[in-house]
Amino acid sequence: GWAALRGRHAWLCLPAAGVVAVFGESPLPLVAGAVAVPLVARRLREAGRRREREARGERVVALCGAVVGELRAGWQPGQALSFAARETGALGAEEAAVLAAARFGGDVPAALRRAAAQDGADGLAGMAACWQVAVDGGAGLAAGLDRLEAALREHREQRERLRAELAGAWATVVVLAVLPLAGVALGAALGADPLRVLLHTPAGLGCLVVGGALEAAGLWWAARIVRGGERA
């Protein structure tokens, strides 16, 4: 599916490197392209996992709201959970276990906690706590899940605001990555033939190695700073 498609995207590094190799009349860009394939594939997998994690988190929020709506419509907790889970798909691989516990009088909080171990499904642990309190203490499950939904939505909105604030920093990282390529393109436009110098002269190869190392270090450090802000 999508994972295989993302894996294929990483292989686009090879034809791009092949074009540079043809213009530069050197196999070195092909070697760099081959090295870049697993690195790019890893980054694409991480981005895919992040998107899946966020999508599952949104489904958990929707699950809380759906259960609250069904409870207030007069459904029993087990029935409300079963219907809402099938509608939202928030329980993922643990859906069958949770629904079986809800239907046959099993330990629903324990099943929800196991489901919360899935990446991005942390909110299910809060649902398990609400369910436990409602069963043990007779507290209103709908009210608890309503507050949980509000808290999860607020957390998601905070994350989105932070991401918007960090968009400028990520733009700086992208510019830092593109500047060397822009410099090579500008040199070629002025007739300086920078690829020949970089790939066929000792001084150019030295500059390429040192510049590449500095570029990689700068990108890594800038991305580390931005991700540190996101985690905070």
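Everything below is about the structure printed above this text.
Residues numbered from 1 in each chain as written. Predicted model: local features only at pLDDT ≥ 70, side-chain atom pairs only at ≥ 80, totals over all residues. Heavy atoms only, no water.

K.L.:
Is there a simple way to explain the packing of helix 4 (residues 77-88) against helix 5 (residues 95-103) in this structure?
P.N.:
Axis angle and axis distance: for two packed helices, these are the angle between their axes and the distance between the axes, and together they describe the pair. Packing of helix 4 against helix 5 brings their axes to within 9 Å, and their N-to-C directions diverge by 160°. It follows from the interaxial angle that helix 4 and helix 5 lie roughly antiparallel. At the point where helix 4 passes helix 5, the crossing takes the left-handed sense. Within the contact between the two elements, helix 4 uses G78, L81, S82, A85 and R86 and helix 5 uses E95, V98, L99 and A102. (Axes fitted to C-alpha atoms, helices over the stretch in contact; angles between N-to-C directions. Helix = DSSP H or I, 4+ residues; strand = E, 2+ residues; numbered from the N terminus. Parallel < 35°, antiparallel > 145°, perpendicular 65-115°, else oblique. Left-handed = near helix turned anticlockwise from the far one by under 90°. Contact = heavy atoms within 4.5 Å.)

K.L.:
Is there a simple way to think about the packing of aromatic side chains in this case?
P.N.:
Both the distance between ring centres and the angle between the ring planes are used here to describe each pair of aromatic rings. Taken as a whole, this structure holds 2 aromatic pairs when the rule is applied. Ring geometry for W220 and W221: centres 5.9 Å apart, planes at 45°, overall tilted. Take W220: its relative accessible area is 53%, and that puts it in the exposed class. For W221, a relative accessible area of 45% puts it in the partly exposed group. (Phe/Tyr/Trp six-rings, centres within 6.5 Å; stacked < 30°, edge-to-face > 60°. Buried < 20%, exposed > 50% of the residue type's maximum accessible area, 1.4 Å probe, protein only.)

K.L.:
Even after reading the chapter, I still don't get the packing of helix 3 (residues 28-72) against helix 8 (residues 141-189), so can you show me in this structure?
P.N.:
It is at 9 Å that the axes of helix 3 and helix 8 come closest, and there the two elements cross at 150°. Between helix 3 and helix 8, the angle is such that the two are roughly antiparallel. Of the two possible hands of crossing, helix 3 and helix 8 adopt the one that is left-handed. Only L141, A142, L145, D146, L148, E149, L152, R153, R156, R159 and R163 of helix 8 make contact with helix 3, whose side of the interface consists of E54, E58, V60, V61, C64, G65, V67, V68, L71 and R72. Within the contact of helix 3 with helix 8, the residues separate by chemical class into 11 nonpolar, 1 polar and 9 charged. (Nonpolar A, V, L, I, M, F, W, Y, C, P; charged D, E, K, R; others polar.)

K.L.:
What is the right way to read the nonpolar core from this model?
P.N.:
Most often, soluble globular proteins keep nonpolar side chains buried together rather than apart. In terms of nonpolar packing, the biggest core is built from 34 residues, with L63, V67, L81, L124, M127 and L145 touching the most fellow members. Of all the secondary-structure elements, those providing two or more residues to this core are helix 3, helix 4, helix 5, helix 6 (108-116), helix 7 (123-137) and helix 8. Among the elements that make up this core, the one with the highest residue count is helix 3 (7 residues). Sequence-distant contacts of L145, that is, excluding residues within four places in its chain, are made with C64, V67, V68, L71, M127 and C130. (Core = buried A, V, L, I, M, F, W, Y, C linked by side-chain atoms within 4.5 Å.)

K.L.:
Any chance you could explain the side chain of T88 here in plain terms?
P.N.:
Along the chain, T88 turns up in helix 4. Note on T88: relative accessible area 19%, which makes it buried. Polar side-chain contacts of T88 include one of 2.9 Å to the backbone oxygen of A84. Every residue in contact with T88, bar those within four places of it in the chain, is listed here: R59, A62 and L63. (Polar contact = N/O pair within 3.5 Å; in protein donor to acceptor, adjacent residues only side chain to side chain.)

K.L.:
Is there a simple way to think about a negative patch on the surface in this case?
P.N.:
Taken together, E58, E154, E157 and E160 make up a surface patch of like negative charges. Ranked by residues supplied to the negative patch, first place goes to helix 8 with 3 residues. Here E58 is to be found in helix 3. According to the relative accessible area criterion, E58 is partly exposed, its value standing at 37%. (Patch = residues over 30% accessible without salt bridge, like charges linked within 9 Å, V, L, I, M, F, W, Y side chains within 5 Å. Areas by Shrake-Rupley, 256 points an atom, 1.4 Å probe, with all protein chains shown as cover. Salt bridge = Lys/Arg side-chain N within 4 Å of Asp/Glu carboxyl O. Lys, Arg positive; Asp, Glu negative; His and termini not counted. Charge placed at Lys NZ, Arg CZ, Asp CG, Glu CD.)

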